[in-house]
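The chain contents come next:
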Amino acid sequence: MAIIELKHVAYQVKNKHILQNVSFTVQKNDFLTLVGPSGAGKSTILKLIANLMNPSAGEIRYHNKNINEFDPIAYRRQVSYCFQQPSLFGKTVKDNLLFPYQIRKKEADQNHLVDLLNRVDLENDFLDKEITALSGGEKQRIALIRNLVFLPEVLLLDEVTTGLDENSKAIVHQLIKAVHEQGITIIQVTHDQSEIKTANNIVQIKKGGVQL
């Protein structure tokens, strides 16, 4: 069953064509990896799927319905985008992990937050740590689990292991694998050769299109 479908999608800025005639289908519980050279349009595809931008032509469908027909906030809760460069806000880690509860007007589950921290090898007291004191790897792990406080149906990962040390990378890989095993559909962009070698479903993007 198709969960995401791109149909002849194009994207351009002024006279620059970034994507042209991109079509592919993502099945429910797929783990799809987008690969290709820098500047090919991979991250643009993720942002379009996340409804952070609108295609210049073509359409993107979610459960066989154009994503523009969904309420954008409700859609982004189900199709969640994790940025390449982690963007944290507020003062502490807790500020970031409480945010998904706050926007849903729900009471926070402290035990759930601690469990998420532990799953990325961070201690319980990390909730009170100031974000200015975090390493790059710690910031990326916090940004990732913030997307998982409430599990989406589709998780979009934009080179989330870029620049991480091997230990942090292994921790992130383990969490992503566990999330996928829970039935979450994952679409990732990566240049990491170890991730590409282990990927079993790859779409090659080159010069703004799908390379067959």
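Relevant structure appears above.
For the structure given in this document, a descriptive report is provided here. (Residues numbered from 1 in each chain as written. Predicted model: local features only at pLDDT ≥ 70, side-chain atom pairs only at ≥ 80, totals over all residues. Heavy atoms only, no water.)

### Here's the deal with the side chain of Thr185
- Inspection of the secondary structure assignment puts Thr185 in strand S8 (residues 185-189).
- Within polar-contact distance, the side chain of Thr185 engages the backbone nitrogen of Asn29 at 2.7 Å.
- If we ignore the near neighbours within four places in the chain, the residues touching Thr185 are Ile3, Val26, Gln27, Lys28, Asn29, Asp30, Glu153, Val154 and Leu155. (Helix = DSSP H or I, 4+ residues; strand = E, 2+ residues; numbered from the N terminus. Polar contact = N/O pair within 3.5 Å; in protein donor to acceptor, adjacent residues only side chain to side chain. Contact = heavy atoms within 4.5 Å.)

### Quick notes on the packing of helix H5 (residues 136-146) against helix H6 (residues 166-181)
- One way to put it is that H5 packs onto H6 with a least axis distance of 10 Å and a crossing angle of 10 degrees. Our classification of the angle between H5 and H6 gives roughly parallel. Residues Gly137, Arg141, Leu144 and Ile145 of H5 form the contact with H6, whose participating residues are Ser168, Ile171, Val172, Leu175 and Ile176.
- In terms of residue class, the contact of H5 with H6 is made up of 6 nonpolar, 2 polar and 1 charged. (Axes fitted to C-alpha atoms, helices over the stretch in contact; angles between N-to-C directions. Parallel < 35°, antiparallel > 145°, perpendicular 65-115°, else oblique. Nonpolar A, V, L, I, M, F, W, Y, C, P; charged D, E, K, R; others polar.)

### Details of the layout of surface pockets
- In this structure, the largest pocket spans a volume of roughly 600 Å³.
- As for the largest pocket, its lining consists of 25 residues, and the residues nearest its centre are Arg76, Ser80, Tyr81, Phe99 and Asn147.
- Contributions of two or more residues to the lining of the largest pocket are made by helix H2 (72-78), strand S6 (79-82), helix H3 (93-103) and H5.
- Broken down by class, the residue content of the lining of the largest pocket amounts to 18 nonpolar, 3 polar and 4 charged.
- Its volume calculated, the second largest pocket comes out at about 420 Å³.
- Along the wall of the second largest pocket there are 18 residues; nearest its centre are Phe31, His173, Gln188, Glu195 and Thr198.
- At the level of secondary structure, the elements contributing two or more residues to the lining of the second largest pocket comprise strand S3 (31-35), H6, S8 and helix H7 (193-198).
- Residue contributions to the lining of the second largest pocket peak at 4 residues, all from H6.
- Here the lining of the second largest pocket is composed, by residue class, of 6 nonpolar, 9 polar and 3 charged. (1 Å grid on protein atoms, 1.4 Å probe; cavity = no way out; pocket = protein on both sides within 12 Å on 5 of 7 lines; lining within 4 Å. Points joined across faces, edges and corners; volume = space filled by probe spheres on them.)

It is worth stressing that arrangement in space is one thing and function is another; only the former is reported here.
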